[in-house]
Amino acid sequence: MSVKKEPDKGLKPLVVKEGEKVVMRFAPNPNGPPTLGSARGIVINSEYVKKYGGTFIIRFDDTDPQTKRPMLEAYDWYIEDCTWLGAAPDKVVIASDRIQIYYDYAEKLIEMGQAYVCFCEGGDFKNYKDAKEACPHRDESVEVNLHHWKKMIANEYEEKVAVLRIKTDIKHKDPAIRDFGAFRIVKMPHPRPEVGNKYVVWPLLDFEGAIEDHELGMTHIIRGKDLMDSETRQTYIYKYLGWDYPKTTHWGRIKIHEFGKFSTSGLRHAIEEGEYSGWDDPRLPTLRAMRRRGIKPEAIRKFMIEMGVGETDVSISLDTLYAENRKLVDLTANRYFFVWDPVEMEIQGAEPRTATPPLHPTEDRGHRTIEVGTKMFICKDDTESLEVGDKLRLKDLYSIEITSLTPLQAKHTSDSMDTVIKGEKRIRIIHWAPIDGAPVKVLAPHGEFNGIGERQIANELDNLVQFERFGFCRIDSVDHEIVAYFAHK
RNA sequence: GCUCCGGUAGUGUAGCCCGGCCAAUCAUACUGGCCUUUCAAGCCAGCGACUCGGGUUCGAAUCCCGGCCGGAGCACCA
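Residues numbered from 1 in each chain as written. Chains lettered and ligands numbered in written order. Predicted model: local features only at pLDDT ≥ 70, side-chain atom pairs only at ≥ 80, totals over all residues. Heavy atoms only, no water.

1. A few points about the overall build of chain A
Inference 1: For chain A, the count of helices and strands is twelve helices and 27 strands.
Inference 2: Taking 489 residues into account, the globule formula puts the C-alpha radius of gyration at 23 Å, and chain A, at 31 Å, lies well above it.
Inference 3: Overall size of chain A, expressed as C-alpha extent along the three principal axes, is 100 × 60 × 40 Å.
Inference 4: When burial is assessed residue by residue, chain A has 51% of its 489 residues classed as buried.
Inference 5: Relative to all contacts within chain A whose residues are 6 or more apart in sequence, the contacts with residues 24 or more apart total 69%. (Helix = DSSP H or I, 4+ residues; strand = E, 2+ residues; numbered from the N terminus. Rg over C-alpha atoms; globule rule 2.2 N^0.38 Å. Buried < 20%, exposed > 50% of the residue type's maximum accessible area, 1.4 Å probe, protein only. Contact = heavy atoms within 4.5 Å.)

Set out below in structure tokens:
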């Protein structure tokens with residue numbers, strides 16, 4: 001008999017042994033700032049730890065000084081962004097500080113006859129491997145291998161000459177498993193000054209991760225399914241050393257419509273070229289950019305948790321994230337007028353006056369005040385298809401009728417809302433900005449908008465506001481002009 | 001070439017392990033309506049899916065086999 005469960009909100013339960021304290025980790029290579037992709041790993045792992053009351057570790061897998069060279073600032077950025085996401089780590093480990101530990105285990109495995117120094121050139125090893133044959137170095141004695149290994153770490157070989165391999169099963173039906181590389185020689189100094197050129201032999205991910213996951217007492221691992229074969233490879237190390245492998249779950253690739261495919265190194269290059277203003281450019285999928293745009297960490301958490309940990313590759317739109325964020329900020333964001341592509345309009349027959357639109361349509365938070373003379377700005381968009389005789393309602397001000405298109409002129413017709421006929425003949429309500437308003441620039445993923453806004457926007461530094469009929473924006477600076485970062489509609 | 005994994009509405013997800021309660025959940029998107037001094041929010045309604053073919057069974061989204069499609073690994077990247 002099967003028992004139907006309640007629709008399970010949130011994450012699937014973890015298999016936890018009795019008395020076991022959950023330890024999980026997020027293990028990035030800090031070669032750039034965390035992105036929305038990283039957020040998945042950060043949120044899901046930390047959420048599980050929260051759920052089960054365990055330890056959340058951030059481990060920097062920074063063992064490649066060359067190809068995926070770590071970025072010094074990024075170490076702090078990860079901690080910063082994790083904390084922002086409500087996932088402050090209980091412990092931080094940096095792999096490049098722990099190379100000696102990996103050397104010790106390497107030596108141990110060599111002594112056990114389960115690792116060997118391979119001198120195969122170019123594609124030689126691949127040929128042996130594809131033929132399911134051992135290369136000549138595989139059967140060297142422990143003494144010889146130990147000797148070669150010592151020479152390796154003593155910097156007596158050039159790059160690409162020698163590599164330490166872990167013995168698996170050279171006849172394994174899956175070629176991906178056969179005798180994988182564990183250490184290689186890289187002479188480029190590590191970017192961290194405390195490491196520098198201390199080492200020339202660096203562990204590969206499968207080795208470093210295997211050792212660390214055990215050293216740090218990991219109970220559960222969640223990672224991308226591109227690392228699925230890692231478990232099979234690493235299990236050989238665990239078997240040799242008599243360890244238990246953590247419980248592993250995988251998730252599929254995640255692709256975000258709005259950003260398409262991107263790589264950290266590609267973004268870095270584009271930033272250096274000046275294509276983007278920096279790592280927090282609103283067009284980028286980094287967490288720094290999200291934060292600057294006013295996306296709340298809670299929205300990202302919900303979004304990631306809702307997505308769960310399926311093995312299917314997902315191709316998602318940020319609409320859901322934006323909807324989540326809108327729910328969080330709608331009640332607190334004050335409303336303002338921002339006129340993009342402003343067009344000047346003169347009103348005939350209107351006395352100067354003070355408009356007092358509410359700061360929020362439903363929440364009672366008071367009013368803003370705008371002095372209005374005989375001229376104002378409206379959006380160019382709203383003037384397209386406009387004809388003489390058209391009636392418009394200027395929001396929170398009065399109704400007008402267009403009397404001329406060039407120059408744009410209108411006459412005041414009524415203060416009363418009665419002129420805004422209900423039903424199908426309802427006239428258009430548009431927003432406007434005072435002639436002496438403040439210059440506003442909005443930086444959005446889809447472009448830059450320049451225009452005029454209410455002066456009081458300057459009081460909202462760092463707040464998320466809604467520019468009516470435009471969208472939610474975070475006020476980023478108010479110095480010479482007001483600069484806002486666009487969050488979403 | 002060898003090996004592994006996956007395929008539920010436009011998108012994401014629940015259900016699959018343990019077959020019947022599934023004419024399939026929720027969210028988002030979209031459409032229409034209500035409300036409204038924003039193209040926002042809110043409320044109501046609608047739309048829309050089990051990859052295909054066989055098998056097992058009284059009964060299959062769920063189990064088995066095959067096809068098709070997609071993704072991944074076989075790096076001195078992570």
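So, next bit.
2. Concerning the nonpolar core
Inference 1: Counting 45 residues, the largest nonpolar core has Leu 36, Leu 85, Ile 300, Met 304 and Leu 318 as its most contacted members.
Inference 2: Residue contributions to this core peak at seven residues, all from helix H1 (residues 36-52).
Inference 3: Those residues in contact with Ile 300 that sit more than four places away from it in its chain are Leu 36, Ala 39, Trp 84, Leu 85, Leu 287, Met 290, Ile 295 and Leu 321.
Inference 4: Ranked by size, the runner-up nonpolar core spans 38 residues in total, among them Tyr 102, Tyr 103, Tyr 157 and Val 200. (Core = buried A, V, L, I, M, F, W, Y, C linked by side-chain atoms within 4.5 Å.)

3. Overview of the pattern of salt bridges
Inference 1: In the structure shown here, the tally under the stated rule is 40 salt bridges.
Inference 2: Residues Glu 212 and Arg 98 are paired through a salt bridge, measuring 2.6 Å at the closest nitrogen-oxygen approach. Residue Glu 212 is located in helix H6 (residues 205-215), and its partner Arg 98 is located in the loop between strand E3 (91-94) and helix H3 (99-111); the two are separated by 114 residues in the primary sequence.
Inference 3: Members of the salt-bridge network, linked through shared partners, are Arg 25, Arg 59, Asp 61, Glu 208 and Asp 213. (Salt bridge = Lys/Arg side-chain N within 4 Å of Asp/Glu carboxyl O.)

4. Observations concerning the pairing of strand E27 (residues 482-488)
Inference 1: Across the seven residues of E27, seven count as buried, placing the element largely inside the fold.
Inference 2: The pairing of strand E23 (residues 438-444) with E27 spans four bridges and is classified as parallel. Paired with Lys 441 across the two strands is Val 483, which belongs to E27.
Inference 3: Pairing of strand E26 (residues 471-477) with E27 involves five bridges; the strand directions are antiparallel. Following the sheet pairing, Ser 477 is matched in E27 by Val 483.
Inference 4: Between E26 and the antiparallel strand that follows it, E27, lie four residues. (Pairing = 2+ DSSP bridges.)

5. A word on the protein's contact with RNA strand B
Inference 1: With respect to spatial proximity, 60 residues lie near RNA strand B, and among them Lys 68, Lys 129, Lys 160, Arg 184 and Asp 396 are the closest.
Inference 2: Counting only atoms of RNA strand B within 4 Å of the protein, the sugar-phosphate share comes to 69%.
Inference 3: Contacts to RNA strand B include Lys 160, whose backbone N or O atom sits 2.4 Å from a base nitrogen.
Inference 4: At 3.1 Å from a sugar or linking oxygen of RNA strand B is found a main-chain nitrogen or oxygen belonging to Pro 175. (Near = heavy atom within 4 Å. Polar contact = N/O pair within 3.5 Å; in protein donor to acceptor, adjacent residues only side chain to side chain.)

6. Here's the deal with the side chain of Asn 334
Inference 1: Looking at the element boundaries, Asn 334 is found in strand E12 (residues 334-336).
Inference 2: Of the residues examined, Asn 334 reaches a relative accessible area of 11% and is grouped as buried.
Inference 3: A polar contact is formed between the side chain of Asn 334 and the side chain of Glu 460, at a distance of 2.7 Å.

7. Quick word on helix H5 (residues 142-153)
Inference 1: The end-to-end C-alpha distance of H5 is 16 Å, a good match for the 16 Å that twelve residues give at a rise of 1.5 Å each.
Inference 2: The secondary structure elements touched by the buried residues of H5 are H3, strand E4 (115-118), strand E5 (163-166), strand E6 (181-185) and strand E7 (201-203).
Inference 3: Of the residues one or two after H5, Asn 155 is the one with positive phi, at around 65 degrees. (Expected span 1.5 Å × (residues − 1).)

8. Here we look at the side chain of Lys 129
Inference 1: With respect to the helices and strands, Lys 129 occurs in helix H4 (residues 124-130).
Inference 2: In this structure, Lys 129 is buried with no salt-bridge partner, the nearest side chain bearing the opposite charge being Asp 130 at 4.8 Å.
Inference 3: Not counting residues within four places of it along the chain, the set of residues in contact with Lys 129 comprises Pro 175 and Arg 178. (Lys, Arg positive; Asp, Glu negative; His and termini not counted.)

9. Observations concerning the sheet that holds strand E13 (residues 338-340)
Inference 1: Taken together, the seven strands give an open sheet; going across it, the order is E12-E25-E26-E27-E23-E24-E13, and neighbouring strands pair in mixed fashion. The open sheet terminates on both sides in strands that have one partner only, identified here as E12 and E13. Shown here is a sheet whose adjacent strand axes are inclined to one another by a mean of 40 degrees, direction ignored.
Inference 2: Taken together, the three bridges between E13 and strand E24 (residues 447-453) define a ladder with antiparallel strand orientation. (Axes fitted to C-alpha atoms, helices over the stretch in contact; angles between N-to-C directions.)

10. With respect to the environment of Ala 131
Inference 1: Residue position: Ala 131 is located in the loop between H4 and H5.
Inference 2: Since its relative accessible area comes to 42%, Ala 131 is described here as partly exposed.
Inference 3: Note: C-alpha distance between Ala 131 and Asn 31 (100 residues apart in sequence) is 36 Å.

11. Section: the confidence of the model for chain A
Inference 1: Here chain A averages 94 in pLDDT, while 97% of its residues score no lower than 70.
Inference 2: Long-range and interchain partners of residues 1-8, a stretch whose pLDDT sits below 50, account for one contact in this model, where long-range means more than four residues apart. (pLDDT = per-residue confidence, 0-100.)

12. Describing the packing of H3 against helix H7 (residues 228-241)
Inference 1: One way to put it is that H3 packs onto H7 with a least axis distance of 11 Å and a crossing angle of 75 degrees. Classified by the interaxial angle, the pair formed by H3 and H7 is roughly perpendicular. Across from Tyr 105, Lys 108 and Leu 109 in H3, the residues of H7 making contact are Ile 237, Tyr 240 and Leu 241.
Inference 2: The residue inventory of the contact of H3 with H7, partitioned by class, reads five nonpolar, no polar and one charged. (Parallel < 35°, antiparallel > 145°, perpendicular 65-115°, else oblique. Nonpolar A, V, L, I, M, F, W, Y, C, P; charged D, E, K, R; others polar.)

13. Some points on H3
Inference 1: The end-to-end C-alpha distance of H3 is 18 Å, a good match for the 18 Å that 13 residues give at a rise of 1.5 Å each.
Inference 2: Those residues of H3 not exposed but buried are Ile 99, Tyr 102, Tyr 103, Tyr 105, Ala 106, Leu 109 and Ile 110. Along H3, the residues classed as buried sweep out an arc of 165 degrees about the axis, all on the same side.
Inference 3: In the stretch just after H3, Gly 113 is the one whose phi turns positive, near 80 degrees. (Arc of directions from axis to C-beta.)

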